[in-house]
Amino acid sequence: MSADTQNAAARRLEMLNLDEAHDLLRLLQLIAAEELDELSEEAEWFAREIAARIPSEN
């Protein structure tokens, strides 16, 4: 994924509400844990980006 694509994706993440962000984070963490391929690497990147922007779910 190029830096421009990552930046555009990060800007779109700002539009999620908190519940959506937590749901998406859980989904991405599951995908990232599957196996190391391009999809899991992207999922891991998105999970880190989301986790850095939202408060933890308690």
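Everything that follows concerns the structure shown earlier in this document.
This structure is a prediction, so every number in the text was calculated from the model and none was measured.

Q: I'd love a proper account of helix 3 (residues 38-53), names of residues and values included.
A: Helical periodicity: at 3.6 residues per turn, an α-helix aligns residues three or four positions apart in one direction. Along its 16 residues, helix 3 runs 23 Å from first to last C-alpha, staying within 8% of the 22 Å computed at 1.5 Å per residue. Those residues of helix 3 lying buried are Ser40, Ala43, Trp45, Phe46, Ala47 and Ile50. By the N-cap criterion, in which a side-chain oxygen at the helix start approaches the backbone nitrogen of a residue two or three places on, helix 3 is capped by aspartate 37, the distance to leucine 39 being 3.2 Å.

Q: Just give me the short version of helix 2 (residues 18-34), but keep the residues and values in it.
A: For helix 2, which comprises 17 residues, the first-to-last C-alpha distance of 25 Å matches the rise-based estimate of 24 Å (1.5 Å per residue) to within 8%. Within helix 2 the residues assigned to the buried category are Ala21, His22, Leu25 and Leu28. Each buried residue of helix 2 lies within a common arc of 130° when the element is viewed along its axis, so the set occupies one face. In helix 2, those exposed residues whose orientation departs by more than 90 degrees from the buried face are Asp19, Leu30 and Glu34. Where helix 2 is buried, its residues touch helix 3. One side-chain oxygen at the N-terminal end of helix 2 lies 3.0 Å from the backbone nitrogen of aspartate 19; it belongs to asparagine 17.

Q: Can you lay out the pattern of salt bridges for me, pointing to particular residues and giving the numbers?
A: Here the structure, examined in full by the defined rule, presents 3 salt bridges. In this structure, glutamate 44 and arginine 48 form a salt bridge, with 3.4 Å as the shortest nitrogen-oxygen distance. Of the two residues, glutamate 44 and arginine 48 are both situated in helix 3; the distance of 4 residues between them amounts to about one turn of the helix. Residue class for arginine 48 comes out partly exposed when judged on its relative accessible area of 46%. A salt bridge links arginine 53 to glutamate 49; the nearest nitrogen and oxygen atoms lie 2.5 Å apart. With arginine 53 and glutamate 49 both in helix 3 and 4 residues apart, the pair spans about one turn of that helix. We classify arginine 53 as partly exposed; its relative accessible area is 42%.

Q: Please set out a negative patch on the surface residue by residue, giving values where relevant.
A: Among the surface-exposed residues, Glu34, Glu35, Asp37, Glu38 and Glu41 lie close enough to one another that they form a single negatively charged patch. Inspection of the secondary structure assignment puts aspartate 37 in the loop between helix 2 and helix 3.

What counts, and at which threshold
- Residues numbered from 1 in each chain as written.
- Predicted model: local features only at pLDDT ≥ 70, side-chain atom pairs only at ≥ 80, totals over all residues.
- Heavy atoms only, no water.
- Helix = DSSP H or I, 4+ residues; strand = E, 2+ residues; numbered from the N terminus.
- Expected span 1.5 Å × (residues − 1).
- Buried < 20%, exposed > 50% of the residue type's maximum accessible area, 1.4 Å probe, protein only.
- Polar contact = N/O pair within 3.5 Å; in protein donor to acceptor, adjacent residues only side chain to side chain.
- Arc of directions from axis to C-beta.
- Contact = heavy atoms within 4.5 Å.
- Salt bridge = Lys/Arg side-chain N within 4 Å of Asp/Glu carboxyl O.
- Patch = residues over 30% accessible without salt bridge, like charges linked within 9 Å, V, L, I, M, F, W, Y side chains within 5 Å.
- Areas by Shrake-Rupley, 256 points an atom, 1.4 Å probe, with all protein chains shown as cover.
- Lys, Arg positive; Asp, Glu negative; His and termini not counted.
- Charge placed at Lys NZ, Arg CZ, Asp CG, Glu CD.

Interpretation note: all reported values are geometric properties and have no functional meaning in isolation.
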